[in-house]
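# Examining the three-dimensional arrangement
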Amino acid sequence: TRLTDNIIGLSFDQVDSVPNNRGIFIDGTEGASGTEIGGAQVPGNTIGGNTGAGIEIFFSENNVVQRNSIGIRSDSFTAAPNSGAGVFLRGGARDNFIGDANGFLLNYIAYNGGDGIHVDGATTRFNLLQRNMIYENGGLGIRLSSNSQDGIAPPAINPLDINSAVTGQTVA
């Protein structure tokens with residue numbers, strides 16, 4: 001399944017909220033897996049104004065989230081926050097890819113009420129979070145909680161000079 005070029009939780013002109021509980025919910029208990037949200041060859045989605053997470057992946061695997069504006073309008077600078085996390089992986093979500101290997105298909109995840117990306121639960125593991133633009137969220141940029149990713153601590157990001165690059169990797 002591929003979800004592309006949608007405006008979710010906002011009016012067509014992206015000015016008013018038309019909230020859902022969650023913007024997109026992928027439920028592996030219903031057999032959903034291998035879903036592409038956005039992607040390389042297609043326009044991404046604009047997901048904002050929802051009362052929960054922008055995207056929630058539950059007990060599902062092999063999903064790809066690329067080239068989306070989450071909590072932010074498609075202009076990449078105007079806030080359209082979701083009340084919860086921008087992206088929430090939980091309940092055994094595994095082998096999912098949030099981001100892009102080369103930086104051309106990154107997700108913009110900003111202005112959400114919760115964390116930019118939240119990974120929760122001991123069975124939620126082997127997820128790759130790479131090359132996303134995450135900023136100005138109400139919680140952490142990336143939160144790994146409840147022993148997620150096999151309990152491997154996230155990389156620490158220390159204060160830096162604005163002209164410096166930040167890199168880091170953790171693998172479970």
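You'll find the structure just up there.
The following refers to the structure shown. Numbers given for residues are sequential positions, taken from 1 along each chain in its written order. The predicted origin of the model limits local features to residues at a pLDDT of at least 70 and limits the giving and counting of side-chain atom pairs to 80 or more, whereas totals for whole chains, interfaces and linings rest on all residues. Values reported for side chains reflect all heavy atoms of the structure, with hydrogen atoms and water molecules removed beforehand.

Moving on to the side chain of Asn132. For the purposes of this entry, the term helix denotes a DSSP run of H or I that reaches at least four residues, the term strand denotes a run of E that reaches at least two, and both are numbered from the N terminus. Considering the arrangement of structural elements, one finds Asn132 in the loop between strand S13 (128-130) and strand S14 (133-135). The classification of residues rests on relative accessible area computed with a 1.4 Å probe and restricted to protein chains. Under 20% of the type maximum is buried, over 50% is exposed, and intermediate values are partly exposed. Residue Asn132 is classed as buried on the basis of its relative accessible area of 17%. Side-chain polar atoms of Asn132 contact the backbone oxygen of Ile98, separated by 2.9 Å. Non-local contacts of Asn132, meaning those with residues more than four positions away in its chain, are made with Ile98, Gly99, Leu106, Asn107, Ile109 and Ile117. Think of a polar contact as two N or O atoms within 3.5 Å of one another; within protein, one of them needs to be a possible hydrogen donor and the other a possible acceptor, and neighboring residues in sequence only count if both atoms come from side chains. Note on contacts: a residue pair is in contact if any heavy atoms of the two residues lie within 4.5 Å.

Let us look at the pattern of salt bridges. We count a salt bridge whenever a side-chain nitrogen from Lys or Arg sits within 4 Å of a carboxyl oxygen from Asp or Glu. If you walk through the whole model with that rule in mind, you get five salt bridges. The salt bridge partner of Asp95 is Arg94, with a shortest N-O separation of 3.6 Å. We classify Asp95 as partly exposed; its relative accessible area is 34%. In this structure Arg94 comes out as partly exposed when scored by relative accessible area, which is 28%. Note that Asp115 is salt-bridged to Arg143, the shortest N-O span being 2.7 Å. Of this pair, Asp115 sits in the loop between strand S11 (108-110) and strand S12 (117-120) while Arg143 sits in strand S15 (residues 142-145), and the two are 28 residues apart along the sequence. On the accessibility criterion, Asp115 (6% relative accessible area) is buried. Three or more residues joined by partner-sharing salt bridges are found here, namely Arg22, Glu56 and Arg90.

Before going further, it helps to examine the nonpolar core. As used in this record, nonpolar core signifies buried Ala, Val, Leu, Ile, Met, Phe, Trp, Tyr and Cys residues forming a set joined through side-chain atoms within 4.5 Å. Residues Ile24, Ile55, Ile57, Val87, Leu89, Ile98 and Ile117 are the most contacted members of the largest nonpolar core, which totals 16 residues. Counting residues per element, the ones that place at least two in this core are strand S3 (24-27), strand S6 (55-58), strand S9 (87-90) and S12. In contact with Ile98, not counting residues within four places along its chain, are Ile57, Val65, Val87, Leu89, Asn107, Ile117, Leu128, Leu129, Gln130 and Asn132.

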